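Close look at the chain arrangement
One letter stands for each residue in the lines below.
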Amino acid sequence: MHIPPFDNRNAPIVDIDDPRVPLNYFNIVKLGRGVSFEYRVPGYETAVVPATGTLDVGVEGQRFAAIGNRGADVWDGEPEGVFVPPGARARFTCVSEAAEVFIAGARFDGGGEPFAVRSADIDVVQYGSDGTKTHRKIKHILGAKYRDRVGRLLVSELFTVGAGGWSGFPPHKHDTDRLPLETRHDETYNFRFRPAHGFGLQLVQREDGKTGDAYHIVNGSTVILDKGYHPCVAAPGYEMYYFTILGGLSQRPLVQFFQPEHAYQVETIPGIKDMIAKFK
(Lines give C-alpha, C1' and ligand atoms only; values in the text may rest on other atoms or scores of the structure.)
Protein backbone atom coordinates (compact mmCIF):
# COMPACT_ATOMS: atom_id res chain seq x y z
CA MET A 1 0.00 0.00 0.00
CA HIS A 2 1.18 3.51 -0.85
CA ILE A 3 0.66 6.41 1.57
CA PRO A 4 1.23 9.70 -0.29
CA PRO A 5 3.15 12.47 1.48
CA PHE A 6 1.04 14.40 3.99
CA ASP A 7 1.47 16.50 7.11
CA ASN A 8 1.21 13.89 9.86
CA ARG A 9 1.70 16.58 12.55
CA ASN A 10 4.12 14.33 14.43
CA ALA A 11 1.53 11.57 14.78
CA PRO A 12 2.42 7.99 13.75
CA ILE A 13 2.09 7.17 10.07
CA VAL A 14 2.08 3.45 10.93
CA ASP A 15 0.79 3.06 14.48
CA ILE A 16 0.94 0.08 16.80
CA ASP A 17 -1.16 -2.94 15.81
CA ASP A 18 -1.67 -1.67 12.29
CA PRO A 19 -3.85 -4.36 10.66
CA ARG A 20 -1.66 -4.38 7.54
CA VAL A 21 1.82 -4.41 9.09
CA PRO A 22 1.32 -5.15 12.80
CA LEU A 23 5.04 -5.84 13.27
CA ASN A 24 6.01 -2.25 12.28
CA TYR A 25 5.78 1.22 13.77
CA PHE A 26 6.74 4.43 11.94
CA ASN A 27 6.56 8.12 12.72
CA ILE A 28 8.09 11.28 11.27
CA VAL A 29 8.64 14.14 13.70
CA LYS A 30 9.57 17.67 12.64
CA LEU A 31 10.99 20.07 15.21
CA GLY A 32 12.51 23.54 15.40
CA ARG A 33 15.47 24.54 17.54
CA GLY A 34 14.89 23.92 21.25
CA VAL A 35 11.64 22.00 20.71
CA SER A 36 11.29 18.54 22.27
CA PHE A 37 9.22 15.47 21.50
CA GLU A 38 8.48 12.64 23.92
CA TYR A 39 7.07 9.20 23.17
CA ARG A 40 6.64 5.70 24.52
CA VAL A 41 5.55 2.67 22.47
CA PRO A 42 4.59 -0.33 24.66
CA GLY A 43 5.37 -3.65 23.03
CA TYR A 44 7.63 -2.18 20.35
CA GLU A 45 11.36 -1.50 20.32
CA THR A 46 12.22 1.64 18.36
CA ALA A 47 15.08 3.62 16.87
CA VAL A 48 15.33 7.41 16.69
CA VAL A 49 17.09 8.39 13.45
CA PRO A 50 17.40 12.03 12.35
CA ALA A 51 16.81 12.36 8.63
CA THR A 52 18.22 15.87 8.97
CA GLY A 53 19.36 17.96 11.92
CA THR A 54 20.85 17.15 15.31
CA LEU A 55 19.21 15.91 18.51
CA ASP A 56 19.96 15.40 22.16
CA VAL A 57 18.22 12.16 23.11
CA GLY A 58 17.26 10.83 26.54
CA VAL A 59 16.01 7.31 27.23
CA GLU A 60 14.98 6.42 30.79
CA GLY A 61 17.69 8.59 32.34
CA GLN A 62 20.44 7.87 29.83
CA ARG A 63 21.59 10.77 27.67
CA PHE A 64 22.98 10.72 24.14
CA ALA A 65 24.19 14.11 22.92
CA ALA A 66 24.44 15.47 19.39
CA ILE A 67 22.83 12.61 17.47
CA GLY A 68 22.73 13.30 13.74
CA ASN A 69 24.96 15.48 11.59
CA ARG A 70 23.08 15.88 8.33
CA GLY A 71 22.12 19.22 6.88
CA ALA A 72 19.96 19.79 3.82
CA ASP A 73 18.84 16.22 3.13
CA VAL A 74 19.61 12.52 3.65
CA TRP A 75 22.52 12.72 1.18
CA ASP A 76 24.21 15.40 3.30
CA GLY A 77 26.19 13.28 5.78
CA GLU A 78 26.00 9.88 7.44
CA PRO A 79 23.10 8.53 9.53
CA GLU A 80 23.13 8.19 13.30
CA GLY A 81 20.52 6.96 15.76
CA VAL A 82 19.53 5.79 19.21
CA PHE A 83 17.99 2.41 20.06
CA VAL A 84 15.04 2.56 22.48
CA PRO A 85 13.98 -0.69 24.22
CA PRO A 86 10.32 -1.78 24.19
CA GLY A 87 8.09 0.46 26.24
CA ALA A 88 10.90 2.80 27.31
CA ARG A 89 10.18 6.51 27.48
CA ALA A 90 12.26 8.56 25.05
CA ARG A 91 12.56 12.32 24.74
CA PHE A 92 14.59 14.17 22.13
CA THR A 93 15.30 17.85 21.64
CA CYS A 94 16.34 19.59 18.45
CA VAL A 95 19.68 21.36 18.93
CA SER A 96 20.09 22.44 15.30
CA GLU A 97 18.04 25.01 13.43
CA ALA A 98 15.52 22.30 12.54
CA ALA A 99 15.27 18.52 12.45
CA GLU A 100 13.23 15.87 10.71
CA VAL A 101 13.27 12.63 12.67
CA PHE A 102 12.35 9.08 11.74
CA ILE A 103 11.09 6.79 14.51
CA ALA A 104 11.27 3.15 13.40
CA GLY A 105 9.76 0.32 15.41
CA ALA A 106 9.22 -3.43 15.52
CA ARG A 107 6.98 -5.45 17.80
CA PHE A 108 8.97 -7.16 20.54
CA ASP A 109 8.07 -8.20 24.08
CA GLY A 110 11.62 -8.63 25.36
CA GLY A 111 14.02 -6.21 27.01
CA GLY A 112 17.21 -4.46 26.05
CA GLU A 113 19.30 -1.42 26.89
CA PRO A 114 19.41 1.88 25.02
CA PHE A 115 22.50 2.72 23.01
CA ALA A 116 23.67 5.20 20.39
CA VAL A 117 24.75 4.34 16.85
CA ARG A 118 27.28 6.85 15.60
CA SER A 119 28.30 7.41 11.99
CA ALA A 120 31.51 5.44 12.53
CA ASP A 121 29.37 2.42 13.57
CA ILE A 122 27.33 2.29 10.37
CA ASP A 123 27.79 -0.91 8.36
CA VAL A 124 27.91 0.00 4.65
CA VAL A 125 27.37 -2.44 1.79
CA GLN A 126 27.57 -1.46 -1.87
CA TYR A 127 26.57 -3.94 -4.55
CA GLY A 128 25.20 -4.32 -8.03
CA SER A 129 26.51 -2.63 -11.15
CA ASP A 130 25.60 0.00 -13.69
CA GLY A 131 25.46 -2.76 -16.29
CA THR A 132 22.76 -4.69 -14.41
CA LYS A 133 20.91 -1.46 -13.49
CA THR A 134 21.04 -2.59 -9.83
CA HIS A 135 23.80 -0.40 -8.37
CA ARG A 136 22.99 0.65 -4.81
CA LYS A 137 24.43 1.32 -1.37
CA ILE A 138 22.94 0.20 1.94
CA LYS A 139 23.78 1.85 5.25
CA HIS A 140 22.79 -0.44 8.10
CA ILE A 141 21.94 1.50 11.26
CA LEU A 142 20.62 -1.52 13.16
CA GLY A 143 22.04 -4.44 11.19
CA ALA A 144 24.09 -7.53 11.86
CA LYS A 145 26.47 -5.66 14.16
CA TYR A 146 23.73 -5.34 16.80
CA ARG A 147 22.21 -8.82 16.57
CA ASP A 148 22.84 -9.46 20.28
CA ARG A 149 21.44 -6.12 21.47
CA VAL A 150 18.18 -5.82 19.50
CA GLY A 151 15.17 -8.14 19.46
CA ARG A 152 13.36 -7.99 16.09
CA LEU A 153 14.13 -4.60 14.56
CA LEU A 154 16.25 -4.00 11.45
CA VAL A 155 16.79 -0.41 10.29
CA SER A 156 18.73 0.70 7.24
CA GLU A 157 18.98 3.37 4.57
CA LEU A 158 19.12 2.38 0.90
CA PHE A 159 20.49 4.57 -1.88
CA THR A 160 20.49 4.04 -5.62
CA VAL A 161 24.01 4.66 -6.92
CA GLY A 162 23.85 6.90 -9.96
CA ALA A 163 20.67 8.25 -11.48
CA GLY A 164 17.95 5.67 -12.02
CA GLY A 165 17.95 1.91 -11.57
CA TRP A 166 16.34 -1.01 -9.79
CA SER A 167 16.30 -1.90 -6.12
CA GLY A 168 14.93 -4.96 -4.33
CA PHE A 169 15.71 -6.99 -7.44
CA PRO A 170 15.38 -9.88 -8.21
CA PRO A 171 11.78 -9.76 -6.94
CA HIS A 172 11.64 -11.21 -3.45
CA LYS A 173 9.24 -11.58 -0.56
CA HIS A 174 9.31 -12.32 3.17
CA ASP A 175 5.70 -12.75 4.25
CA THR A 176 5.62 -16.33 5.57
CA ASP A 177 7.50 -18.07 8.36
CA ARG A 178 8.77 -21.26 6.72
CA LEU A 179 12.39 -21.66 7.62
CA PRO A 180 14.85 -22.27 6.12
CA LEU A 181 13.23 -20.85 2.95
CA GLU A 182 11.67 -17.63 4.26
CA THR A 183 10.80 -15.55 7.30
CA ARG A 184 7.83 -13.29 8.03
CA HIS A 185 9.06 -9.70 8.20
CA ASP A 186 6.69 -6.75 7.79
CA GLU A 187 8.39 -3.85 6.03
CA THR A 188 7.88 -0.09 5.79
CA TYR A 189 9.67 2.36 3.48
CA ASN A 190 9.89 6.14 3.31
CA PHE A 191 11.26 7.47 0.02
CA ARG A 192 13.26 10.57 -0.89
CA PHE A 193 14.54 11.71 -4.28
CA ARG A 194 17.34 13.95 -5.51
CA PRO A 195 16.35 16.29 -7.09
CA ALA A 196 13.24 16.38 -4.92
CA HIS A 197 10.88 16.39 -7.91
CA GLY A 198 12.12 12.92 -8.88
CA PHE A 199 9.93 9.84 -8.85
CA GLY A 200 9.88 6.08 -9.15
CA LEU A 201 7.63 3.03 -9.02
CA GLN A 202 7.02 0.48 -6.28
CA LEU A 203 5.76 -2.84 -7.60
CA VAL A 204 3.89 -5.34 -5.43
CA GLN A 205 2.91 -8.74 -6.83
CA ARG A 206 0.84 -10.51 -4.20
CA GLU A 207 -0.06 -13.66 -6.12
CA ASP A 208 2.14 -15.76 -8.38
CA GLY A 209 1.05 -15.70 -11.99
CA LYS A 210 -1.14 -12.63 -11.59
CA THR A 211 -0.48 -9.00 -12.38
CA GLY A 212 0.45 -6.92 -9.35
CA ASP A 213 0.12 -3.27 -8.39
CA ALA A 214 2.37 -0.33 -9.34
CA TYR A 215 2.52 2.71 -7.05
CA HIS A 216 3.78 6.10 -8.17
CA ILE A 217 6.29 7.04 -5.45
CA VAL A 218 7.50 10.59 -4.91
CA ASN A 219 9.56 12.51 -2.37
CA GLY A 220 8.05 11.64 1.03
CA SER A 221 6.05 8.60 -0.07
CA THR A 222 5.56 5.84 2.51
CA VAL A 223 5.02 2.25 1.38
CA ILE A 224 3.92 -0.56 3.69
CA LEU A 225 4.53 -4.14 2.61
CA ASP A 226 2.51 -6.92 4.17
CA LYS A 227 3.02 -9.60 1.54
CA GLY A 228 4.19 -10.26 -2.00
CA TYR A 229 7.19 -9.63 -4.21
CA HIS A 230 8.22 -5.98 -4.11
CA PRO A 231 11.00 -4.55 -6.30
CA CYS A 232 11.12 -0.81 -6.94
CA VAL A 233 12.77 1.45 -9.50
CA ALA A 234 13.93 5.05 -9.77
CA ALA A 235 13.28 6.95 -12.98
CA PRO A 236 16.31 7.86 -15.12
CA GLY A 237 18.02 11.06 -14.01
CA TYR A 238 17.00 10.77 -10.34
CA GLU A 239 18.69 9.39 -7.26
CA MET A 240 16.43 7.47 -4.88
CA TYR A 241 16.71 6.87 -1.13
CA TYR A 242 14.49 4.90 1.16
CA PHE A 243 14.45 4.52 4.91
CA THR A 244 13.73 0.87 5.64
CA ILE A 245 12.07 -0.73 8.68
CA LEU A 246 11.88 -4.51 9.03
CA GLY A 247 10.18 -6.27 11.93
CA GLY A 248 10.43 -10.03 12.26
CA LEU A 249 7.66 -12.24 13.58
CA SER A 250 9.77 -15.05 15.07
CA GLN A 251 13.37 -13.91 14.61
CA ARG A 252 15.46 -10.90 13.67
CA PRO A 253 17.49 -12.36 10.75
CA LEU A 254 15.72 -11.83 7.45
CA VAL A 255 15.40 -14.72 5.00
CA GLN A 256 14.22 -13.52 1.61
CA PHE A 257 12.50 -15.80 -0.88
CA PHE A 258 13.33 -14.86 -4.46
CA GLN A 259 10.63 -15.32 -7.09
CA PRO A 260 11.59 -18.64 -8.70
CA GLU A 261 11.47 -17.54 -12.33
CA HIS A 262 13.80 -14.60 -11.58
CA ALA A 263 15.97 -16.11 -8.82
CA TYR A 264 18.78 -17.03 -11.22
CA GLN A 265 19.59 -13.33 -11.53
CA VAL A 266 21.06 -13.41 -8.02
CA GLU A 267 24.07 -14.96 -9.74
CA THR A 268 24.36 -12.04 -12.20
CA ILE A 269 24.44 -9.16 -9.68
CA PRO A 270 27.87 -8.44 -8.16
CA GLY A 271 27.93 -8.43 -4.35
CA ILE A 272 24.27 -9.24 -3.80
CA LYS A 273 25.03 -12.27 -1.64
CA ASP A 274 27.06 -10.09 0.74
CA MET A 275 24.09 -7.71 0.88
CA ILE A 276 21.69 -10.54 1.75
CA ALA A 277 23.98 -11.71 4.55
CA LYS A 278 23.88 -8.33 6.31
CA PHE A 279 20.17 -8.47 7.16
CA LYS A 280 20.72 -10.45 10.36
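Structure's up top.
We now turn to the structure provided with this report. Everything numeric here is computed off the predicted structure, so don't read it as measured data. (Residues numbered from 1 in each chain as written. Predicted model: local features only at pLDDT ≥ 70, side-chain atom pairs only at ≥ 80, totals over all residues. Heavy atoms only, no water.)

1. Regarding the overall build of the chain
In terms of regular secondary structure, the chain is built from one helix and 22 strands. The globule rule puts the C-alpha radius of gyration for 280 residues at 19 Å, and the 18 Å found for the chain is close to it. The buried share among the 280 residues of the chain stands at 56%. For the chain, long-range pairs separated by at least 24 residues make up 74% of all intrachain contacts whose partners lie at least 6 apart in sequence. For the chain, the exposed surface amounts to about 11400 Å²; the carbon and sulfur share of it is 51%. The positive charge centre, built from 31 side chains, and the negative charge centre, built from 34, are 1 Å apart in the chain. (Helix = DSSP H or I, 4+ residues; strand = E, 2+ residues; numbered from the N terminus. Rg over C-alpha atoms; globule rule 2.2 N^0.38 Å. Buried < 20%, exposed > 50% of the residue type's maximum accessible area, 1.4 Å probe, protein only. Contact = heavy atoms within 4.5 Å. Areas by Shrake-Rupley, 256 points an atom, 1.4 Å probe, with all protein chains shown as cover. Lys, Arg positive; Asp, Glu negative; His and termini not counted. Charge placed at Lys NZ, Arg CZ, Asp CG, Glu CD.)

2. A short note on the sheet that holds strand β20 (residues 232–234)
Here we have four strands laid out as an open sheet, ordered β13-β20-β17-β18, and antiparallel in their pairing. At either end of the open sheet lies a strand with only one pairing partner, and these are β13 (165–167) and β18 (213–218). Averaged over all pairs of adjacent strands, the angle between strand axes in this sheet comes to 25 degrees, irrespective of strand direction. As defined by bridge partners, strand β17 (residues 199–204) adjoins β20 across three bridges and the pair is classed as antiparallel. Counted as the bridge partner of Gly-200 is Ala-234 from β20. (Pairing = 2+ DSSP bridges. Axes fitted to C-alpha atoms, helices over the stretch in contact; angles between N-to-C directions.)

3. Overview of the pattern of salt bridges
Applying the stated rule across the entire model yields 17 salt bridges. Residue Arg-20 is joined to Asp-18 by a salt bridge in which the shortest nitrogen-to-oxygen separation is 2.6 Å. Judged by its relative accessible area of 30%, Arg-20 falls in the partly exposed class. We note a salt bridge from Glu-38 to Arg-91, for which the minimum N-O separation is 3.5 Å. (Salt bridge = Lys/Arg side-chain N within 4 Å of Asp/Glu carboxyl O.)

4. Details of the packing of aromatic side chains
Applying the stated rule across the entire model yields 17 aromatic pairs. Summarising the aromatic geometry, the rings of Phe-37 and Phe-92 are spaced 5.6 Å apart at their centres and angled 35 degrees between planes, so their arrangement reads as tilted. Of this pair, Phe-37 sits in strand β3 (residues 36–40) while Phe-92 sits in strand β7 (residues 89–94), placing them 55 residues apart in sequence. An identical accessibility class is assigned to Phe-37 and Phe-92; each is buried. Three or more aromatic residues joined by ring pairs make a cluster, and in this case those are Phe-26, Phe-102 and Phe-243. Positioned above the aromatic ring of Phe-159 is the side chain of Lys-139, whose terminal nitrogen or guanidinium carbon lies 4.7 Å from the ring centre. Between the NZ or CZ atom of Arg-149 and the centre of the ring of Phe-115, over which it lies, the distance is 4.0 Å. (Phe/Tyr/Trp six-rings, centres within 6.5 Å; stacked < 30°, edge-to-face > 60°. Lys NZ or Arg CZ within 6 Å of the ring centre and 35° of its normal.)

5. Side note on the side chain of Asn-24
Within the element layout of this structure, Asn-24 appears in strand β2 (residues 24–32). With a relative accessible area of 0%, Asn-24 lands in the buried category. Here the side chain of Asn-24 touches Asp-186 through a polar contact of 3.3 Å, landing on its backbone oxygen. Within the structure, the side chain of Asn-24 is placed 3.2 Å from the backbone nitrogen of Glu-187, a separation counted as a polar contact. With residues up to four places along the chain from it excluded, the contact list for Asn-24 reads Val-14, Asp-15, Tyr-44, Gly-105, Asp-186, Glu-187, Thr-188, Ile-245, Leu-246 and Gly-247. (Polar contact = N/O pair within 3.5 Å; in protein donor to acceptor, adjacent residues only side chain to side chain.)

6. What about the environment of Trp-75?
Considering the arrangement of structural elements, one finds Trp-75 in the loop between β5 (62–70) and β6 (81–84). For Trp-75, a relative accessible area of 17% gives the class buried. For the pair Trp-75 and Tyr-127, spaced 52 residues apart in sequence, the C-alpha to C-alpha distance is 18 Å. In this structure Trp-75 touches Phe-159, Arg-192, Phe-193, Arg-194, Glu-239, Met-240 and Tyr-241, once residues within four positions along its chain are discounted.

7. Observations concerning the pairing of strand β21 (residues 239–248)
Each regular strand shows side chains that alternate between the opposite faces of the sheet. Burial within β21 is extensive, with nine of its ten residues counted as buried. Two strands pair when backbone bridges link them, and strand β16 (residues 182–194) and β21 are joined in this way by ten bridges, in the antiparallel orientation. The residue of β21 that forms the bridge with Glu-187 is Leu-246.

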